[in-house]
Amino acid sequence: MGISQYLKEIGRGKQGARSLTREQAADLFGQILDGSVTDLEVGAFCIAMRVKGETPEEMCGFLDATHARLRRASSASGKPIVVLPSYNGARRLPVLTPLLAGLVARRGLPVLIHGTATESSRVFVRDVLQAMDLQASDAAPVIRDGQVAFVPTEVLSPGLKRLLDARRVIGLRNSAHSLVKLMNPCDGPAVIVSSYTHPEYAVSMGAVFELTGATALLLRGTEGEVVADARRLPQMDGFRDGRRVTLQEGRKGTLTDLPELPREVDPETTAAYIRDVLAGRKSVPDSMALQVEHILHLASA
């Protein structure tokens, strides 16, 4: 079906819009990823879904279309790859996604970070990784045990990068910004580490993991990044082949024993802090240490 027919269904406002089936959503999103629609139609899709909101079934369809077109990373040993999406960047707190990656990798698992800058006013993971002399891959990599690889979104899917970039023109997030935190860009087993910023997303994202049979860790992250907030202990829910289990009960309020985080969020300061923690010169934040253990538990299961 042409995209205009889908837009008529989803573009009738919050009360009048109709939800698509999983198959219809996959067809629609596939057309967008393939570049067979105009910029105007992409903008109409973004606004329509922003007003309507995605159902879990629609998001599963978007993922089906994405997974069918992704360039996928693979594990050299066959061990599960730990997938860390990074799309929000630093606003007031440093981007510690590379620290989480390093903590997991030194326990022997392959780690994939994927992401891109989605606005101009924040520090993003690529900036910190460059300050740590870790360069981006220009192809979907084969990742060794204990290795951290960073793959920009455009390498995995140019069509997905185009949709993410629509935010710079429209000024609003769209379905792709949620999808990238749910997708599995690996050929083989993976543990997807995902985060939400608002409680309602915990419900919808959890439903998608259940419907897709994913193995994943879901928590409220740090300013949208998938790292457990070093100042708090968030609830962490695990999914084993889609079956939900609470791995960590959350604790309300701020922790009493706070780590010494860098006061600046620039790439060089953040990279120096991460090096100090990985070298043992500074302690691992408690919430991140627990997060690592839960990731390893999911990988072993």
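Details of the structure are given in the entry above.
Residues numbered from 1 in each chain as written. Predicted model: local features only at pLDDT ≥ 70, side-chain atom pairs only at ≥ 80, totals over all residues. Heavy atoms only, no water.

Regarding the packing of helix α5 (residues 56-67) against helix α11 (residues 199-212)
Relative orientation of the contacting elements α5 and α11 amounts to 60°, with a least axis distance of 9 Å. When the axis of α5 is compared with that of α11, the two are oblique. Between α5 and α11 lies a crossing of right-handed hand. Of the residues in α11, those touching α5 at Pro56, Glu57, Met59, Cys60 and Leu63 are Ser204, Ala207, Val208, Leu211 and Thr212. For the contact of α5 with α11, the per-class residue count stands at seven nonpolar, two polar and one charged. (Axes fitted to C-alpha atoms, helices over the stretch in contact; angles between N-to-C directions. Helix = DSSP H or I, 4+ residues; strand = E, 2+ residues; numbered from the N terminus. Parallel < 35°, antiparallel > 145°, perpendicular 65-115°, else oblique. Left-handed = near helix turned anticlockwise from the far one by under 90°. Contact = heavy atoms within 4.5 Å. Nonpolar A, V, L, I, M, F, W, Y, C, P; charged D, E, K, R; others polar.)

A look at the packing of aromatic side chains
Tallying each qualifying case throughout the model produces four aromatic pairs. Between Phe29 and Phe62, the aromatic rings sit 4.7 Å apart at their centres with planes inclined by 25°, giving stacked as the arrangement. Of this pair, Phe29 sits in helix α3 (residues 22-33) while Phe62 sits in helix α5, placing them 33 residues apart in sequence. The class of Phe29 is buried, set by a relative accessible area of 0%. What links up through ring pairs into an aromatic cluster is the set Phe29, Phe45 and Phe62. (Phe/Tyr/Trp six-rings, centres within 6.5 Å; stacked < 30°, edge-to-face > 60°. Buried < 20%, exposed > 50% of the residue type's maximum accessible area, 1.4 Å probe, protein only.)

Concerning unusual backbone geometry
In this structure, Asp133 takes a positive phi of about 65° despite not being glycine. By secondary structure assignment, the location of Asp133 is in the loop between α7 (125-131) and β4 (142-143). The exposure class of Asp133 is exposed, given its relative accessible area of 64%. Of note, the phi angle at Asp241 is positive, near 50°, even though the residue is not glycine. Looking at where Asp241 falls in the secondary structure, it is placed in the loop between β9 (236-240) and β10 (243-248).

Coordinates in, geometry out; function isn't part of it.
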